[in-house]
There are 2 protein chains.
Amino acid sequence: MKNLILASTSTVFGGSYLDYLLPELNTHFEKAERLVFIPFARPGGISHDLYTEKAKEAFDKLDIEVVGLHEFDNPKVALEEAEAVFTGGGNTFLLVDQLYKFDLFATLRKRIFEGLPYLGTSAGTNIAGVSMQTTNDMPIIYPPSFKTIGAVPFNINPHYLDPVSGSQHMGETRETRIAEFHQFNTLPVVGLREGSWIAVKDKTNILKGDFSARIFEAGKAPYELETGSIINFD
Amino acid sequence: MKNLILASTSTVFGGSYLDYLLPELNTHFEKAERLVFIPFARPGGISHDLYTEKAKEAFDKLDIEVVGLHEFDNPKVALEEAEAVFTGGGNTFLLVDQLYKFDLFATLRKRIFEGLPYLGTSAGTNIAGVSMQTTNDMPIIYPPSFKTIGAVPFNINPHYLDPVSGSQHMGETRETRIAEFHQFNTLPVVGLREGSWIAVKDKTNILKGDFSARIFEAGKAPYELETGSIINFD
């Protein structure tokens, strides 16, 4: 009985950290008194301690205690015993490298498939997909593999951005980059706009939030999926 | 006696392929009758043949014959014997993976340090740096390493984009991504705007084109370097 919330972003424009998700998180984590926060993605290079403080401030509002995974002597045991887990955003290469370094992927995957309530934002959402190969991040570290948790049978592109009409920039659009991914991979990709999230309940993945998602399947034209829809590629 | 042109982009807004660089390339390749084109980065998934056609059209104007590296039975020998080389843009992960697969990095590096006239655009410029770790591309393929040619003693971020004032997007800016790189790497990074290029003549690297470059050194505030300046971190 999987139970995940996979959000495109922690923070929407004009909002504060996690505020738009709090009503959803209140239900999602209702049985949890303590949450383990994985701060490894370190957005902008922030320290594990400062990043964990930020998560604490948000979860104070739900009366949930937050402990950083870096605070445990044995992070694997910490994940085995966690009531709930939240992986924050930042650099996906760094996050994945650290999870491999501490040999945590298998444990995290096992706990998620057993029903651990999980929240991911941005990079924390990316690693719930089959691979991290549709991240937007810079390869600042060389991880041992791009393979990730596979809590959902597709990949996610967080912070999905539509092509900007009238742009004079000649770098690839997000859509072009995902088309390049599909030259070598058949995995569907969900382009998740900021303010949207995927609620995973066992084998059902539902798109939630304010926006439709852009869906990319190999060999098909990209299309929109309305919020509230089940995401299903069978 | 190194001799390279490392351009941010092949095409500037409103222009055609390589047109803004043709006067510079006319001098750069004046001794070359035939150029080997490396089409491995395959922008948007274009085939090696079609991509090579595109390069041919541009170099027709300079009366230089273009042959795709994929057309040779032995690509290593082709690079050893090439009069001139041009590596086109596309996906840097794919380009680097292919260069490792055919064991071409050492040959390319040796020829470049011997004075081979080289042109890189975008991904082809990225690989002239010490590592590909400041690419903007999606990790669609897992290469054996992020290490690249090191024809210049720094890294390059092609298609450099300034933060967009008034943007409501919450994904990281380019500047933030490069700051994350500097959490783990001390290598300087040249943010090369579209329309700019670096002319490498032996040990002298000169910024050319219409724009200043944004320079990122670990532990320093980013700063602008005017076009026409020597890029030097000694």
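You'll find the structure just up there.
Residues numbered from 1 in each chain as written. Chains lettered and ligands numbered in written order. Predicted model: local features only at pLDDT ≥ 70, side-chain atom pairs only at ≥ 80, totals over all residues. Heavy atoms only, no water.

### Describing the packing of aromatic side chains
To be explicit about the condition: Here is the rule: rings of Phe, Tyr and Trp (six-membered ring for Trp) pair when centre to centre is within 6.5 Å. Planes less than 30 degrees apart are stacked, more than 60 are edge-to-face, and the remainder are tilted. Elements are defined by DSSP. Helices are runs of H or I of four residues or more, strands are runs of E of two residues or more, and each kind is numbered from the N terminus. Relative accessibility thresholds used throughout: buried, under 20% of the residue-type maximum; exposed, over 50%; partly exposed, between the two (1.4 Å probe, protein chains only).
Applying the stated criterion across every chain, the model contains 26 aromatic pairs over all chains. Ring centres of Phe29(A) and Phe59(A) lie 5.8 Å apart, and the angle between their planes is 65 degrees; on these two criteria the pair is classed as edge-to-face. Here Phe29(A) is found in the loop between helix H1 (22–28) and strand S2 (34–38), whereas its partner Phe59(A) is found in helix H2 (residues 48–60), with 30 residues between them in sequence. Comparing Phe29(A) with Phe59(A), the two get one shared label, buried. Consider the rings of Phe146(A) and Phe93(B), whose centres lie 6.4 Å apart with planes at 70 degrees: the pair is edge-to-face. Of this pair, Phe146(A) sits in the loop between helix H6 (123–126) and strand S6 (155–157) while Phe93(B) sits in helix H4 (residues 92–101), each in a different chain. Under the relative-accessibility criterion, Phe146(A) is labelled buried at 3%.

### Considering unusual backbone geometry
Phi is positive for Ser122(A), close to 55 degrees, though the residue is something other than glycine. Assignment of secondary structure puts Ser122(A) in the loop between strand S5 (118–121) and H6. Phi at His159(B) takes a positive value of approximately 50 degrees, unusual for a residue other than glycine. Within the secondary structure layout, His159(B) lies in the loop between strand S6 (155–157) and helix H7 (174–181).

### Here's the deal with the sheet that holds strand S8 (residues 196–201) of chain B
Residue and element names in this part refer to chain B. Operational definition: One requirement defines pairing of two strands: DSSP has to find at least two bridges between them. Only the stretch in contact is used when fitting a helix axis, every axis being a line fitted to C-alpha atoms; angles between N-to-C directions are given from 0 to 180 degrees.
Spatially, seven strands are ordered S3-S2-S4-S5-S1-S8-S9 in an open sheet, and the strand pairing comes out mixed. In this open sheet, the two strands that pair with only one neighbour each are strand S3 (65–68) and strand S9 (204–209). Ignoring which end each strand starts from, the neighbouring axes of this sheet average 20 degrees apart. Both strand S4 (residues 85–87) and strand S5 (residues 118–121) contribute to a ladder of three bridges, which runs parallel.

### Some details on H4(B)
All names here are of chain B. Which entries qualify depends on this criterion: Here a polar contact means two N or O atoms within 3.5 Å. Within protein one must be a hydrogen donor candidate and the other an acceptor candidate, and residues neighboring in sequence count only if both atoms are side-chain atoms.
Counting buried positions over the ten residues of H4 gives eight, a clear majority of the element. Among the residues of H4, those classed as buried are Thr 92, Phe 93, Leu 94, Leu 95, Val 96, Asp 97, Gln 98 and Leu 99. For H4, the N-terminal capping position is held by Asn 91, with its side-chain oxygen 2.9 Å away from the main-chain nitrogen of Phe 93. Looking one or two residues past H4, Asp 103 carries a phi angle of roughly 55 degrees, positive in sign.

### Brief notes about the side chain of His28(A)
Residues and elements named next belong to chain A. The condition that has to hold: When checking whether two residues touch, look at their non-hydrogen atoms; a contact exists if any pair is within 4.5 Å.
The residue His 28 is located in helix H1 in this model. Side-chain polar atoms of His 28 contact the backbone oxygen of Tyr 118, separated by 2.9 Å. Once you skip the residues sitting within four places of it in the chain, His 28 turns out to touch Asn 3, Leu 4, Ile 5, Pro 117, Tyr 118 and Leu 119.

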